[in-house]
Amino acid sequence: MPRPVVRLGSMGGGRKEMVYVGTPVSRGIVFGPVHVVARGFSAPEVYPIANVTRETERFGDALRRTRRQLEGLREHMESLSGNEEGRIFEAHMLVLEDPIVLTGVPKAIEERRQNAEYCFYAVMQNQLESMRRIPDPFLRDRTTDIDDVCQRVLRNFDTEHEQNTPEEPDHQHILVAYDLSPSATAAMDRRQVLGFATEQGSITSHTAILARSLGIPAVVGLRNAVFNLHALDPCILDGYEGKLISNPTPETVSKYRELEEEHQQRRAELDKLRDLGAVTTDERTITLSANIEFEHELDLVDRSGAEGVGLFRTEFFLLESEECPDEEEQAALYSRVAERVAPSEVIFRTLDAGGDKVPGEPLSEPEPNPFLGWRGIRFSLDRQDLFKEQLRAILRAGAAGRVGLMFPLISGVGEVRQAKSLLAECMEELSARGVEFTRDIAVGAMIEVPSAAMVAADIAAEVDFLSIGTNDLVQYTVAVDRVNPRVAKLYRSAHPGIIRLIKTVIDGASQHRIWTGVCGEMAGDLTLLPLLVGLGVDELSVGAPLVPLVKQAVRLLDSGECAELARQCLQAGETKQILQLCSEVATTVYPELIKEESGGASAPSFAAHPS
Ligand code: PEP
Ligand code: MG
């Protein structure tokens, strides 16, 4: 079907400008028509109709086609595995017999005088939203079935395609979705998706982290956008202030065009710092490196002026295949990365699937509390076959460039010792095989569990460096799910408990003369940067697009003043006192950068700061 051409400026089709406000998670301003994906299905286009009877018949045809397919699926499942599985599709068929569908939709067509697929979508969305508010978990679970049926019916309006996958738009668009998984984000076609906005999500969810790493402007936590927006509505996505503006007026469009230009100019200024170091005004050097998830991000790392890769989240491979790649495949990839980053270092973080990240064989069993479950080093120590393959692959990459490795989700020194002993076994195995590898590899522990932070000195005695994963450290210390928008305001990186824990970690590392880095999102928070420098952090690792901003900020700071700030913050009893102290320093030393970070809003955008 030919698609209408939408141009900004001529936009709106008479509809009023609407501003949806959420949380900005990845900077940038983009303009374009929206593609709306409700929980799993896209909003159809909406248009007025004259012939109600014809539209009602189209609806009837779509229902009939859906029933036929469901019946076929039921028979197929029954022939494979008996009655039980077939019942799923019986339940789906019952949805189609519901009076809300059979009478509600024709009534909506008659009253709204809009196309049948849109009326069906609107009626079902309304119904689903009411069901989701019901506290009964059984009913809430049923919404997944209904979602599924709705998708099928919507696809069946298109008689040419009796296909099973929803259609991706073939034009550039802003994606608005109820939620996006990290894998969907990673798989996005960057030529078509200009930016995205979701109703769910938070700053430290891996979807948001990926958006920042990949440089895709993004906003999360937008309320009601999915339901209220229409497919192809012209929009502006503002990833600085966290806004999605639908049907913008010509004045709004020109205001945003100007803003976009200003940002681009400032970015061009920052890019000139590429070859300079992250050195404070009193000559303290901070190693500033980049976090990556995919090999293709190395282009961005190159351009950013980062000193190597401080965190390679290796689990994101799993997105690309059904099973863990074997030692050979991993060794090839790690070697390419090490070679490309040389002479700087790349630190591979061993597998940390679980939590909100990639599911995949053999990690796919659902867990009641995934963030407290079988993830990180726990998984690796239980699945030593997979762990050792990965360790050997990393050691082999050491022959191609400078590599380090670190273990995620360490909760105590025993896990580190066990992991190191497996590493030693891997060295012997490679040596016996006569394969080229390095023994000269820095081994680190991630500190992201409060118990590990408390015994950091003991862990430091076993390793070459500590890297603080603040995303998890905050989640576990203040007991706030990092991906749940409902409790997002309680996620406090500047909580006194966190600041004191970070100090304990740095002290533990200094006792053993090893370095401490921060690789969680807090490392890129310009408001808290003076505090991290003052606490004595040696390394910061941030998404590549953030590197120039952080570098410029470090270059404007005085480490003595930062140390005084840290002293005051360590005595503060409340988050807001710490934030105030940090804000005073940050907005005095680099007001322009704070403005750039937040797109002109007064509150910093990239840290979860409580109101
Ligand atoms: C962290 O927890 O801060 C971290 C860097 O690891 P991830 O975000 O991948 O859990
Ligand atoms: Mg983590």
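Residues numbered from 1 in each chain as written. Chains lettered and ligands numbered in written order. Predicted model: local features only at pLDDT ≥ 70, side-chain atom pairs only at ≥ 80, totals over all residues. Heavy atoms only, no water.

Caption draft 1: Here's a closer look at the overall build of the protein chain. If you tally the helices and strands in the protein chain, you get 23 helices and 17 strands. Here the protein chain holds 611 residues, and 55% of them are scored as buried. Here the protein chain displays about 26,000 Å² of accessible surface, and carbon together with sulfur accounts for 50% of that area. (Helix = DSSP H or I, 4+ residues; strand = E, 2+ residues; numbered from the N terminus. Buried < 20%, exposed > 50% of the residue type's maximum accessible area, 1.4 Å probe, protein only. Areas by Shrake-Rupley, 256 points an atom, 1.4 Å probe, with all protein chains shown as cover.)

Caption draft 2: Highlighting the site of ligand 1. Surveying the vicinity of ligand 1 reveals 16 residues, the closest of which are Arg313, Arg349, Gly469, Asn471 and Arg482. A distance of 2.9 Å is found between an oxygen atom of ligand 1 and a side-chain nitrogen or oxygen belonging to His206. Contacts to ligand 1 include Arg349, whose side-chain N or O atom sits 2.8 Å from an oxygen atom. Across the complex, the protein chains shield 100% of the 290 Å² of accessible surface that ligand 1 would expose by itself. When residues of the shell around ligand 1 are traced back to their parent elements, those giving at least two are α7 (206-214), β11 (309-313) and α17 (470-477). Broken down by element, the residue count for the shell around ligand 1 peaks at three residues, all from α17. Considered class by class, the residues forming the shell around ligand 1 number four nonpolar, five polar and seven charged. (Near = heavy atom within 4 Å. Polar contact = N/O pair within 3.5 Å; in protein donor to acceptor, adjacent residues only side chain to side chain. Nonpolar A, V, L, I, M, F, W, Y, C, P; charged D, E, K, R; others polar.)

Caption draft 3: Representation of the coordination of the magnesium ion (ligand 2) in the model. The protein atoms that coordinate the magnesium ion (ligand 2) are Glu448 (OE) and Asp472 (OD), at distances of 2.0 to 2.2 Å. Of this pair, Glu448 sits in the loop between β14 (442-447) and α15 (450-454) while Asp472 sits in helix α17, placing them 24 residues apart in sequence. Residue Glu448 is classed as buried on the basis of its relative accessible area of 2%. For Asp472, a relative accessible area of 2% gives the class buried. (Donors = N, O, S within 2.8 Å, 3.2 Å for Na, K, Ca; no water.)

Caption draft 4: The pattern of salt bridges, seen in detail. Applying the stated criterion to the full structure yields 35 salt bridges. Between Glu111 and Lys107 there is a salt bridge whose closest N-O contact spans 4.0 Å. Here Glu111 and its partner Lys107 are both found in helix α3 (residues 99-112), four residues apart, which amounts to about one turn of the helix. We note a salt bridge from Lys272 to Glu269, for which the minimum N-O separation is 2.9 Å. (Salt bridge = Lys/Arg side-chain N within 4 Å of Asp/Glu carboxyl O.)

Caption draft 5: The arrangement of the packing of helix α9 (residues 250-271) against helix α20 (residues 547-556) in detail. At their nearest, the axes of α9 and α20 sit 9 Å apart, and the two run at 65° to each other. With respect to their mutual orientation, α9 and α20 come out roughly perpendicular. Note on packing geometry: the crossing formed by α9 with α20 is left-handed. Touching Arg267, Leu270 and Asp271 of α9 are Pro548, Leu549 and Gln552, all from α20. Tallied by class, residues from the contact of α9 with α20 come to three nonpolar, one polar and two charged. (Axes fitted to C-alpha atoms, helices over the stretch in contact; angles between N-to-C directions. Parallel < 35°, antiparallel > 145°, perpendicular 65-115°, else oblique. Left-handed = near helix turned anticlockwise from the far one by under 90°. Contact = heavy atoms within 4.5 Å.)

Caption draft 6: Main features of the side chain of Arg375. Along the chain, the position of Arg375 falls in the loop between β12 (345-349) and α12 (376-382). One polar contact links Arg375 to Asp472, side chain to side chain, over a distance of 3.0 Å. There is a polar contact of 2.9 Å between the side chain of Arg375 and the side chain of Tyr476.

Caption draft 7: The environment of Arg396, seen in detail. Along the chain, the position of Arg396 falls in helix α13 (residues 384-397). In this structure Arg396 comes out as buried when scored by relative accessible area, which is 15%. Residues Arg396 and Arg439, 43 residues apart in the sequence, show an inter-C-alpha distance of 9.5 Å. Here Arg396 is in contact with Glu327, Glu328, Ala331, Ser335, Leu430, Arg433, Val435, Glu436 and Phe437, once residues within four sequence places are set aside. There is a polar contact of 3.0 Å between the side chain of Arg396 and the side chain of Glu328.

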